[in-house]
Amino acid sequence: MDNKLYDISIIGGGPAGMFAAYYASMRKLNVALIESLPNLGGQPQTLYAQKQIYDIAALPQVSGTELIDQLSKQMALLPCDEYLDTSVTDLQRADDDTWTISTNKETIKTKSIIIAMGNGAFQPRKLTFDYDPTIEENNLSYFVNDINDFKDKDVAIAGGGDSAVDWAIHINELANNTSIIHRRNKYRAMESSIDSLNESDVEQLNPFIIKDVTYNDDDKSKIDILLKKIKSEDEKTITVDKLLVNYGFISDSKILRDWNLELEGPFIKVSQQMETNLPNVFAIGDIATYPGKLQLIATAFAEGPTAVTKALRNIYPDKDYFEHSTSLFH
Ligand SMILES: Cc1cc2nc3c(=O)[nH]c(=O)nc-3n(C[C@H](O)[C@H](O)[C@H](O)COP(=O)(O)OP(=O)(O)OC[C@H]3O[C@@H](n4cnc5c(N)ncnc54)[C@H](O)[C@@H]3O)c2cc1C
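The residue count restarts for each chain, going from 1 along the sequence in the order it is written. Residue-level local features of this predicted model are given only where pLDDT is at least 70; pairs of side-chain atoms are given and counted only at 80 or more, and the full residue set underlies all totals for whole chains, interfaces and linings. The side-chain quantities take in all heavy atoms of the structure and omit both hydrogens and water.

Peer 1: Sorry, what's going on with the side chain of Lys293 here?
Peer 2: What counts as a helix is a DSSP run of H or I of at least four residues, what counts as a strand is a run of E of at least two, and both are numbered from the N terminus. The topology assignment puts Lys293 in the loop between strand 22 (288–289) and helix 7 (297–315). Overall, the relative accessible area of 16% leaves Lys293 in the buried class. Within the structure, Lys293 has its side chain in polar contact with the backbone oxygen of Gly285 (distance 2.7 Å). Per-residue accessibility, obtained with a 1.4 Å probe over protein chains only, is compared with the maximum for each type, and a residue is labelled buried under 20%, exposed over 50%, and partly exposed between these values. For the purposes of these results, a polar contact is taken to be a pair of N or O atoms within 3.5 Å, where, inside protein, one atom must be able to donate a hydrogen and its partner to accept one; residues adjacent in sequence count only when each atom of the pair is a side-chain atom.

Here it is, written out as structure tokens:
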């Protein structure tokens, strides 16, 4: 993708960025979608994958992960260039009025930018001790990319919040056996989820912390997890195929302060057409604010087309416009 000049580059692959990317591709623009995590989906995928959402138009009920699956399928109809595991660090305006986006990996050139960064770049809270980094290749993960990775496996899930409890219940439906490791006796999850956990045969290892993770001596495809009981000298080791660590995510949008954007608190102020104070730079979704703003997926889905249409009109003032997707695929 070297030396490519995009029409629109979208920073952030949550629901706002994903739908905006699809809509911009539908308007026949060259699109880059940049996401700091290795997978798209933002908050619904990362923070509440198994929770049901009830306020998406025309979908009476959909889980976070199902919503993101549907968005991915829609994007696959008109694919754009995806830069995953790539964090944007800076924006620079060039003399020819194009923008250069710096990331932790490469620079991306673009005519316009849509910032859809939500609450900022997500990073998982990781285990705090050193372990063999190759363990992350097959045995240790901080996200669920595909629940089928856990099928017929011995799985341990670390954490005590909504996400850990929900994953323990759902992974247990297809895993060989599942345990949840939490440092307290009480979970920080919805009561109904805790009830489901208690009714399941998930082994609850509470209150334990993980002290070490190493390859199993006899079977290198497995790992040993050394557990220490809280306020006790008791230790025990369990052997599993997979460890999913769900200690939550840290998000950081402080970086915005260096981009000369007009901010209101941690949010970017935008016009009715989603314009920021910088030329051809727009903001949508949770990161954008204006009077009456609602931080909802429904709102984000509407803001994407508004920003894309304004960007298109700015960069191609003479292009023909169409209004409805119904005329598109004929
Ligand atoms: C527990 C919970 C329940 C919710 N329930 C509902 C609900 O029922 N209905 C509803 O409408 N909304 C709900 N929401 C809110 C909804 O999830 C958000 O409004 C929505 O996710 C906003 O989408 P977004 O794309 O703007 O931001 P996000 O989903 O936050 O996505 C932003 C993405 O940008 C990426 N990013 C950030 N900075 C960078 C960078 N520098 N470089 C590259 N990538 C970057 C992040 O990694 C992230 O993936 C809920 C939120 C939570 C936490």
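Peer 1: Sorry, what's going on with the sheet that holds strand 22 here?
Peer 2: Where strands meet in a sheet, backbone hydrogen bonds hold them as pairs that are either parallel or antiparallel. Two strands make a pair as long as DSSP finds a minimum of two bridges between them. The mixed open sheet is built from three strands, whose spatial order is 19-20-22. The open sheet terminates on both sides in strands that have one partner only, identified here as strand 19 (263–264) and strand 22. Bridge count for strand 19 against strand 20 (residues 267–269) is two bridges, and the pairing is antiparallel. Counted as the bridge partner of Leu263 is Ile268 from strand 20.

Peer 1: Explain the packing of helix 1 (residues 15–26) against helix 3 (residues 64–77) to me, please; I cannot follow it from the model alone.
Peer 2: When two helices pack together, their arrangement is given by the angle between their axes and by how far apart the axes lie. Taken N-terminus to C-terminus, the directions of helix 1 and helix 3 make an angle of 20 degrees; their axes are 9 Å apart at the nearest point. Here helix 3 runs roughly parallel to helix 1, going by the angle between their axes. Crossing hand, helix 1 versus helix 3: left-handed. Of the residues in helix 3, those touching helix 1 at Pro15, Met18, Phe19, Ala21 and Tyr22 are Ile68, Leu71, Ser72, Gln74, Met75 and Leu77. What counts as an axis is a line fitted to C-alpha atoms, over the stretch in contact for a helix, and the angles between N-to-C directions run from 0 to 180 degrees. In these notes the angle categories are as follows: under 35 degrees is roughly parallel, over 145 is roughly antiparallel, 65 to 115 is roughly perpendicular, and the rest is oblique. When the near helix sits turned anticlockwise from the far one by under a right angle, the crossing is termed left-handed; a clockwise turn instead gives a right-handed crossing. The contact criterion used throughout is that any non-hydrogen atoms of two residues lie within 4.5 Å.

Peer 1: Explain the site of the ligand here, please?
Peer 2: Being near a molecule or strand, for a residue, means having at least one of its heavy atoms within 4 Å of it. Taken together, the neighbourhood of the ligand is formed by 31 residues, with Glu35, Gln43, Tyr48, Asp55 and Asp286 sitting nearest. In this structure, Ser36 approaches the ligand through a main-chain N or O atom, which is 3.1 Å from a nitrogen atom. With respect to the ligand, the side chain of Tyr48 contributes an N or O atom lying 2.5 Å from an oxygen atom. Note on areas: Shrake-Rupley, 1.4 Å probe, and residue coverage restricted to the protein chains presented here. About the coverage of the ligand: the protein hides 85% of its 1,000 Å² of free accessible area. Those elements giving two or more residues to the shell around the ligand turn out to be helix 1, helix 2 (42–46) and strand 9 (121–124). Element by element, the count of residues in the shell around the ligand is highest for helix 2, at three residues. Here the term charged refers only to Asp, Glu, Lys and Arg, the term nonpolar to Ala, Val, Leu, Ile, Met, Phe, Trp, Tyr, Cys and Pro, and the term polar to all other amino acids, Gly among them. Each residue belonging to the shell around the ligand can be placed in one class, and the counts come to 15 nonpolar, 13 polar and three charged.

So far we have only geometry, and geometry alone does not tell us how the molecule works.
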